[in-house]
Amino acid sequence: MSAAAVADVAVIGAGPTGLFAAFYAGMRGLSVALVDALPEPGGQISALYPEKVIRDVAGFPAVKGRDLVRSLVEQVLPFRTEMLLGRQAVRLDDRHDGRFEIGFADGGALEAGAVVVTAGIGTFAPRTLPCGEDFLGRGLTYFVHDPAELAGRRVLVVGGGDSALDWAEALQHSAQVTLVHRRDSFRAHRHTVDQVLAGPARVHTETVVEQLRGDTRVSRAVLRNIATGRLTEVGCDSVVAALGFVANPGPLLGWGFDVADRKIVVDTAMRTSRPGVFAAGDVCTYPGRVPLIAVGFGEAATAVNHAAVRLDPTASTFPGHSTDTLVAEAGVLI
């Protein structure tokens, strides 16, 4: 690749929202450069949850994360999309001709007529289990990359959000699962909570992990009930600490956007405070936004349609339905 790539639209972030934005820009006949600091597309799903079953994407009763990403990548392939993976965007400069220059950490650059930021939560690090760091890699993990490796084991899942409940539900039929949560209610989807509570998993609420014990690997956990102080020891071969993440948006917040709660403020057209720059997905915020993949898909289409008009003021924001578009194997006819 040359030092300066050129595209109609630069999409910053190759998670599900970014992949759909790249696809939709292709549907509008625009060339796209899809940028991500990670070495593969899929964002947080590919990095952390490739085997997690996702149930809240329209058209998929249940789909593994890696399969959803694979489908989104296949959707992009017929179009003029250059994937610039393993490239961190560190600056966004206005050019004198109204276009933009995106600078990369490795010194390269990208020129684009419009920008759609779909960087999600940015970089992320797991919230640690304070009493368990000595067992990291020796039974304690923060991510489940292959659920089959936990089959038949005694698995302690710690947390009360979607990830913890998803893993408890997915593993409880192949492993002996104990779920521990410090509160008496869960933040996860109600359906998943009901599945876990109705299943074979043992559930301890208002409980924390006081200590992990073992020799070369973890073999036991001491649990403490917050209300009573009572200590209980349970056997465990593996501990999945799904306690959430500390997110870092990186250099994005220094690019001159209006920001609220470390997210980029957008209007109903997904426009940021910088003309020609749009944002979609969990990187953006507006009143009443719900952080779902399905919501990000809609935001991506809105952002791209308005970016298309930015590039060509004679174009229509609404380009017509996909049933009126022929995607040929060798190209796109619109």
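Keep in mind that this is a model prediction, so the values were computed, not measured.

Draft legend 1. Examining the overall build of the protein chain more closely. When helices and strands are counted, the protein chain shows 6 helices and 24 strands. Whereas a compact globule of 334 residues would reach a radius of gyration of roughly 20 Å, the protein chain reaches 22 Å, a difference of no more than 12%. Considering the protein chain as a whole, with its 334 residues, one finds that 45% of them fall into the buried category. Put simply, of all contacts in the protein chain between residues at least 6 apart along the chain, 55% involve residues at least 24 apart. Summed over all atoms, the accessible surface of the protein chain reaches about 15700 Å², with 51% contributed by carbon and sulfur. The protein chain carries 31 positive and 36 negative side-chain charges, and their two centres are separated by 6 Å.

Draft legend 2. Structural detail: empty space enclosed by the protein. Following the criterion strictly, the structure yields 1 cavity of 30 Å³ or more and no others. Considering only enclosed or pocket space, the largest cavity measures out at about 70 Å³ in volume. In terms of lining residues, the largest cavity is bounded by Lys 52, Val 53, Arg 55, Asp 166, Trp 167, Glu 169, Ala 170 and Thr 192. The element contributing the most residues to the lining of the largest cavity is helix H4 (residues 162-171), with 4 residues. Counted by class, the lining of the largest cavity contains 3 nonpolar, 1 polar and 4 charged residues.

Draft legend 3. Geometry of the sheet that holds strand S16 (residues 231-235). Spatially, S14-S15-S16 is the arrangement adopted by the 3 strands of the open sheet, whose pairing is antiparallel. Both edges of this open sheet fall to strand S14 (207-214) and S16, since each of them pairs with a single strand only. On average, adjacent strands in this sheet sit at an angle of 25° to one another, irrespective of strand direction. Looking at chain direction, strand S15 (residues 218-225) and S16 are connected through 5 bridges and run antiparallel. Opposite Arg 224, over in S16, you have Leu 231 as the bridge partner.

Draft legend 4. Main features of the nonpolar core. Leu 92, Ile 102, Leu 110, Val 115 and Val 117 are the most contacted members of the largest nonpolar core, which has 60 residues in total. If one sorts the elements of this core by residue count, helix H1 (residues 16-27) sits on top with 8 residues. Residues within four places of Val 117 in sequence aside, it is in contact with Ile 12, Leu 252, Phe 257, Ile 264, Val 277, Phe 278, Ala 279, Ala 280 and Val 283. With 22 residues, the next largest nonpolar core counts Leu 48, Leu 165, Ala 168 and Ala 175 among its residues.

Draft legend 5. Spatial organisation of the sheet that holds strand S11 (residues 154-158). Pairing within the open sheet is parallel, and its 5 strands lie in the order S10-S17-S11-S12-S13. Two strands close off the open sheet at either side, each with one partner strand: strand S10 (140-141) and strand S13 (202-204). Lying over the sheet, H4 contacts S11 and strand S12 (176-180), oriented at roughly 160° with respect to S12.

Draft legend 6. Broad picture of the confidence of the model for the protein chain. Chain-level pLDDT for the protein chain is 91 on average; 95% of the residues reach the 70-or-more range. Low pLDDT, under 50, characterises residues 326-334; the predicted model gives this stretch 14 contacts beyond four residues in sequence or across chains.

Draft legend 7. Molecular detail of helix H3 (residues 65-76). With 12 residues, H3 extends 17 Å between its outermost C-alpha atoms, agreeing within 8% with the 16 Å of an ideal straight helix rising 1.5 Å per residue. Residues of H3 that are buried include every one of Gly 65, Leu 68, Val 69, Leu 72, Val 73 and Val 76, and no others. For H3, the buried positions fall inside an angular range of 135° around the axis, keeping them on one side. The inward-facing, buried residues of H3 abut H1, helix H2 (43-48), strand S3 (53-54), strand S4 (63-64), strand S5 (81-85) and helix H6 (293-311).

Draft legend 8. The arrangement of H6 in detail. When the terminal C-alpha atoms of H6 are compared, their 27 Å separation across 19 residues agrees well with the 27 Å that a helix rising 1.5 Å per residue should span. Burial in H6 covers these residues: Gly 296, Phe 297, Glu 299, Ala 300, Ala 301, Ala 303, Val 304, Asn 305, Ala 307 and Ala 308.

Draft legend 9. Region of the structure containing the layout of surface pockets. Approximately 310 Å³ is the volume found for the second largest pocket. Val 158, Gly 159, Arg 182, Val 208 and Leu 243 are, among the 18 residues lining the second largest pocket, the residues nearest its centre. Looking at the lining of the second largest pocket, the element that brings in the most residues is S14, giving 3 residues. Classifying every residue of the lining of the second largest pocket by side-chain character gives 9 nonpolar, 5 polar and 4 charged.

Draft legend 10. Examining the packing of H4 against helix H5 (residues 190-198) more closely. Where H4 meets H5, the axes come as close as 9 Å, and the angle between the chain directions of the two elements is 45°. The angle between H4 and H5 places the two elements in the oblique class. The handedness of the crossing between H4 and H5 is left-handed. Seen from H4, the contacting residues are Leu 165, Asp 166, Ala 168 and Glu 169; seen from H5, they are Thr 192, Val 193, Gln 195 and Val 196. Broken down by class, the residue content of the contact of H4 with H5 amounts to 4 nonpolar, 2 polar and 2 charged.

Draft legend 11. Main features of the packing of aromatic side chains. Counted under the stated rule, the structure contains 6 aromatic pairs. Between Phe 20 and Phe 23, the ring centres sit 5.5 Å apart and the planes meet at 45°, which makes this aromatic pair tilted. Placement of both Phe 20 and Phe 23 in helix H1 is noted, with a separation of 3 residues, approximately one turn of the helix. For the pair shown, Phe 20 and Phe 23 are each scored as buried. Taken together, a centroid distance of 6.4 Å and an interplanar angle of 55° make the contact between Trp 255 and Phe 257 tilted. Here Phe 257 falls in the buried class, since its relative accessible area comes to 7%. One aromatic cluster in this structure is built from Phe 20, Phe 23, Tyr 24, Phe 79 and Phe 297.

What counts, and at which threshold
Residues numbered from 1 in each chain as written. Predicted model: local features only at pLDDT ≥ 70, side-chain atom pairs only at ≥ 80, totals over all residues. Heavy atoms only, no water. Helix = DSSP H or I, 4+ residues; strand = E, 2+ residues; numbered from the N terminus. Rg over C-alpha atoms; globule rule 2.2 N^0.38 Å. Buried < 20%, exposed > 50% of the residue type's maximum accessible area, 1.4 Å probe, protein only. Contact = heavy atoms within 4.5 Å. Areas by Shrake-Rupley, 256 points an atom, 1.4 Å probe, with all protein chains shown as cover. Lys, Arg positive; Asp, Glu negative; His and termini not counted. Charge placed at Lys NZ, Arg CZ, Asp CG, Glu CD. 1 Å grid on protein atoms, 1.4 Å probe; cavity = no way out; pocket = protein on both sides within 12 Å on 5 of 7 lines; lining within 4 Å. Points joined across faces, edges and corners; volume = space filled by probe spheres on them. Nonpolar A, V, L, I, M, F, W, Y, C, P; charged D, E, K, R; others polar. Pairing = 2+ DSSP bridges. Axes fitted to C-alpha atoms, helices over the stretch in contact; angles between N-to-C directions. Core = buried A, V, L, I, M, F, W, Y, C linked by side-chain atoms within 4.5 Å. pLDDT = per-residue confidence, 0-100. Expected span 1.5 Å × (residues − 1). Arc of directions from axis to C-beta. Parallel < 35°, antiparallel > 145°, perpendicular 65-115°, else oblique. Left-handed = near helix turned anticlockwise from the far one by under 90°. Phe/Tyr/Trp six-rings, centres within 6.5 Å; stacked < 30°, edge-to-face > 60°.

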